[in-house]
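Commentary on secondary and tertiary structure
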Amino acid sequence: MSQSLKVNPIACEAHGLCAELFPEWIRLDDWGYPIVNPAPVPSRLDEHARRAVAACPTLALLASKW
Amino acid sequence: MTGLSLLEGVRPDGAPLPLEEHLSLYGPAPPIRRGRGAGLELIELVEESGLRGRGGAGFPTSVKLRAVVQSGRRTVAVANGAEGEPLSRKDKALLRALPHLVLDGAALAARAVGAEEAIVAVGAGAVRERAVVAAAIAERRRSRLDGAVLLREISVPDAFVAGEETALVQWLNGGAAKPTFTPPRPFERGVGGRPTLVQNVETLAHLALIARYGPDWFRSFGTQEEPGSVLVTLAGAFRRPGVYEFDLGTGFRDLISVAGGLTGAPQAFLVGGYYGSWLAPDDLLGLSLLEADLTTADSSLGARTIFALPAGVCGFVEAAIVTRYLAAQSAGQCGPCVHGLAAIARTVASLTRGERNPGGRERLSRWLEEVNGRGACRYPDGAARFVESALRVFSEEIDLHLRHRRCSGSRARLLPAPAMAAQASGRR
């Protein structure tokens, strides 16, 4: 099952770990807030997505499906 | 069946239409049977009518009604009269003149979704409207009009985003009047955790007429795709600005002549309020009051407000003031909205001062693109649309500012930027 990522922008505090761990899908804007590719994450990158979601200190990065 | 249009019952003196006169003029609202599934008949009428929300987003009303009723749980209905859009007057005008039409709609919608409570939310600063609504509710209570439905009037902060439906729900739950992350949407989890129907007050007034006169009557106005009439606030260079009811599909030229024409050749129109977009006269005048038409011009009906910018006023300075206001009115919760809109407003202001920043325009374009869709609500999207359209329509003025550090127009400050004192987080 492919998944897509999204951010809860209210919870996000721009720690930036997600972009560090998953630069293929997530970049940061000029203020350090993530810009997430809305497309489904290909399964070969699942592990990266999973790691980025798990690393978010404010639990702001969400995966639609695993 | 023949029926009255929305504003036909407005008294010449503008005073609120008393309950008795309201009932004899519009006729009594049809009763809704008690018990499970009884409200579905009304929902079917609304579905056949094709009524869409008149608050801004234009969502089909019957879909919202169904989503709430399908929960099978105890529900709440909210009539949204917050009208935080500074240019818009239509919801206040409706509440002031025809409170019972709105309350009919609120009570009918509440019964249709099985709610025992209908909350009418009105902006705190709309003192007169709140008094009118409270008095109308008392009138109905005395005549036991609404049976098991309890109507209540509640004031909400006068902030731009306070009327956004998740912000409204959070406020009614005792929190700040700020948007929340979705899901859950109010129809899933709203006031008191219950599935909640949030409908704009004008939408409910239309619903009250559809319940009386039927969907075919409603569809005798407007077009097949966009049926019915709409309330529109006309502001700026109209000879007779104010709130009007127009059939959807009315040509903009006709709309202007109904308002007595324009005070001079307009430079541009702001369609849809501060969430809306600027259009050059030539791009608007051939169109009609239809989403389908405005979409072709990268615009939308939005808050159903049309502002005509008179000649001799610098539109870009006006737009810069609104941009600063929009940045300040961010609920302050989402980083991209807080920082992005502030940076955009600073850059727009620097353009009005004629400052040339290397790479500034490119950066501004990128920011406008990047804030889009990155808030919990659509606020940054609307603000970006406003600024993008201003950059497009006022490109000549911007060049004048950059070349001469001034422009020929005056700084009239025609567009209101209400004082920021009333913030969304304030106490009740």
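Report follows, based on the coordinates. Being a predicted model, the structure only gives us computed values, none of them experimental. (Residues numbered from 1 in each chain as written. Chains lettered and ligands numbered in written order. Predicted model: local features only at pLDDT ≥ 70, side-chain atom pairs only at ≥ 80, totals over all residues. Heavy atoms only, no water.)

**Here we look at the overall build of chain A**
The line we're drawing: In this description a helix means any DSSP run of H or I spanning at least four residues, a strand means any run of E spanning at least two, and both kinds are numbered starting from the N terminus. Radius of gyration: C-alpha atoms only; globule rule: 2.2 Å multiplied by the number of residues to the exponent 0.38. Only protein chains enter the accessibility calculation, which uses a 1.4 Å probe. A residue is then buried if its area is under 20% of the maximum for its type, exposed if over 50%, and partly exposed in between. In what follows, a contact means two residues having at least one pair of non-hydrogen atoms within 4.5 Å.
Helix and strand counts for chain A stand at 2 helices and 4 strands. If you list the helices and strands of chain A from N to C, you get β-α-β-β-α-β. On C-alpha atoms alone, chain A measures out to a radius of gyration of 11 Å, which is about the 11 Å that the 2.2 N^0.38 rule sets for 66 residues. C-alpha extents for chain A along the principal axes are approximately 30 × 20 × 15 Å. Counting the 66 residues in chain A, one finds 41% classified as buried. Sequence-distant contacts in chain A: of pairs separated by 6 or more residues, those separated by 24 or more amount to 58%.

**Some thoughts on the interface of chain A and chain B**
Worth spelling out the cut-off: Here the buried area means the combined drop in accessible surface, using a 1.4 Å probe, for two parts upon being joined, counting both sides. Salt bridges, as used here, are contacts in which a Lys or Arg side-chain nitrogen is within 4 Å of a carboxyl oxygen on Asp or Glu.
Listed per partner, the contact involves 13 residues of chain A and 19 residues of chain B. Taken over both partners, the interface formed by chain A and chain B buries close to 1,200 Å², and the fraction arising from carbon and sulfur atoms is 61%. On the chain A side of the contact with chain B, Pro9(A), Ile10(A) and Trp31(A) bury the most area, a combined 49% of that side's loss. Remark: the boundary between chain A and chain B carries 3 salt bridges. The closest approach of N and O atoms between Arg374(B) and Asp29(A), which form a salt bridge, is 3.0 Å.

**Details of the nonpolar core**
All names here are of chain B. So the rule is basically this: Among buried residues, the Ala, Val, Leu, Ile, Met, Phe, Trp, Tyr and Cys ones that are joined through side-chain atoms within 4.5 Å form a nonpolar core.
If you look at the biggest cluster of nonpolar residues, it comprises 50 residues, and the most contacted ones within it are Tyr26, Leu42, Leu65, Leu101 and Leu207. The element contributing the most residues to this core is helix H8 (residues 201-213), with 9 residues. Not counting chain neighbours up to four residues away, the residues in contact with Leu65 comprise Ile43, Val46, Ala109, Val113, Leu197 and Leu207. Counting residues in hydrophobic clusters, the runner-up holds 48 residues, among them Trp278, Ala320, Cys377 and Tyr379.

**Side note on the sheet that holds strand S3 (residues 150-156) of chain B**
Through backbone hydrogen bonds, the strands of a sheet pair up, either in parallel or in antiparallel fashion. All names here are of chain B. Put simply, the rule is: Pairing between strands is defined by DSSP: at least two bridges between the two strands are required. Angles run from 0 to 180 degrees between N-to-C directions of axes, and those axes are lines fitted to C-alpha atoms, restricted for helices to the stretch in contact.
Here 4 strands make up an open sheet; going across it, the order is S3-S2-S1-S4 and the pairing parallel. Single-partner strands in this sheet number two, and they are S3 and strand S4 (196-200). Along the sheet, successive strands turn relative to each other by an average axial angle of 25°, direction set aside. Relative to strand S2 (residues 115-123), strand S1 (residues 75-81) is paired through 6 bridges, and the arrangement is parallel. Residue pairing in the sheet places Gly81 in a bridge with Val122 of S2. Sitting on the sheet, helix H6 (residues 127-142) touches S2 and S3, and the angle it makes with S3 is about 170°. Docked against the sheet, helix H7 (residues 165-172) engages S1, S2, S3 and S4, running at close to 105° with respect to S3.

**Thoughts on the pattern of salt bridges**
Evaluation of the coordinates by the stated rule reveals 24 salt bridges over all chains. Between Arg130(B) and Glu153(B) there is a salt bridge, and its shortest N-O distance comes to 3.5 Å. Highlighted residues: Arg130(B) in helix H6 and Glu153(B) in strand S3, separated in sequence by 23 residues. Under the relative-accessibility criterion, Arg130(B) is labelled partly exposed at 25%. By relative accessible area, Glu153(B) is classed as partly exposed at 22%. Each of Arg27(A), Asp30(A), Arg366(B) and Glu370(B) takes part in one network of salt bridges that share partners.

**Concerning the sheet that holds strand S6 (residues 242-247) of chain B**
Residue and element names in this part refer to chain B. The 5 strands are arranged S6-S5-S9-S7-S8 in an open sheet whose pairing can be described as mixed. Where the open sheet ends on each side, the last strands, each with one partner, are S6 and strand S8 (277-279). Averaged over all neighbouring strand pairs, the angle between strand axes comes to 30°, with direction disregarded. In the sheet, strand S5 (residues 229-236) pairs with strand S9 (residues 305-309) via 4 bridges, with the strands oriented parallel. The partner of Leu234 across the bridge, within S9, is Ile306.

**A short note on the packing of helix H13 (residues 315-328) of chain B against helix H14 (residues 335-352) of chain B**
Residue and element names in this part refer to chain B. The cut-off we apply is this: Here is the rule for angles: anything less than 35 degrees is roughly parallel, anything more than 145 is roughly antiparallel, 65 through 115 is roughly perpendicular, and the remaining ranges are oblique. For any helix crossing, the convention is left-handed if the near helix is rotated counterclockwise from the far helix by under a right angle, and right-handed if that rotation is clockwise.
Contact geometry for H13 and H14: axes closest at 9 Å, N-to-C directions at 160°. Judged on the interaxial angle alone, H14 and H13 are roughly antiparallel. In the crossing of H13 with H14, the sense of the turn from one axis to the other is left-handed. Here Phe316, Val317, Ala320, Thr323, Arg324, Leu326 and Ala327 of H13 lie close against H14, whose contacting residues are Leu341, Ala342, Ile344, Ala345, Val348, Leu351 and Thr352.

**Quick notes on H8(B)**
Residues and elements named next belong to chain B. Defined as follows: By definition here, a helix of n residues has an expected span of 1.5 Å times n minus one. Counted as a polar contact is a pair of N or O atoms within 3.5 Å, where, for protein atoms, one must be capable of donating a hydrogen and the other of accepting one, and residues adjacent in sequence contribute only when both atoms are in side chains.
Spanning 13 residues, H8 covers 19 Å between terminal C-alpha atoms, matching the ideal 18 Å at 1.5 Å per step. With 13 of its 13 residues buried, H8 lies for the most part within the structure. By the N-cap criterion, in which a side-chain oxygen at the helix start approaches the backbone nitrogen of a residue two or three places on, H8 is capped by Asn200, the distance to Glu202 being 2.8 Å. Note on H8: the residue one or two positions beyond its end, Gly214, has a positive phi of about 95°.

**A look at the pairing of strand S7 (residues 268-271) of chain B**
All names here are of chain B. Across the two faces of S7 the burial is the same, with Ala268 and Leu270 and Phe269 and Val271 all buried. Where S7 meets S9, 4 bridges bridge the pair, whose relative direction is antiparallel. What sits directly across from Val271, in S9, is Ile306. In textbook terms, the turn of a hairpin is the stretch between consecutive antiparallel strands, and for S7 and S8 this stretch comprises 5 residues, one of which, Gly272, has a positive phi near 95°.

**A look at empty space enclosed by the protein**
The condition that has to hold: A 1.4 Å probe that fits into a set of points on a 1 Å grid over the protein atoms alone but cannot get out defines a cavity; an open set with protein on both sides within 12 Å along at least five of seven lines defines a pocket, and lining residues are those with an atom within 4 Å of a point. Grid points are joined across faces, edges and corners, and a volume is the space filled by probe spheres set on the points. Under the grouping applied here, Gly and all other residues not named as nonpolar or charged are polar, the nonpolar ones being Ala, Val, Leu, Ile, Met, Phe, Trp, Tyr, Cys and Pro and the charged ones Asp, Glu, Lys and Arg.
Taken as a whole and judged by the stated rule, the model has 4 cavities of 30 Å³ or more. When its volume is computed, the largest cavity comes out at roughly 100 Å³. Along the wall of the largest cavity there are 14 residues; nearest its centre are Cys12(A), His15(A), Gly16(A), Cys18(A) and Cys56(A). Tallied by class, the residues present in the lining of the largest cavity amount to 10 nonpolar, 3 polar and 1 charged. Counted as a void, the second largest cavity has a volume near 80 Å³. Lining the second largest cavity are Pro179(B), Ser330(B), Ala331(B), Gly332(B), Gln333(B), Cys334(B), Cys337(B), Gly375(B), Ala376(B), Cys377(B), Tyr379(B) and Pro380(B).

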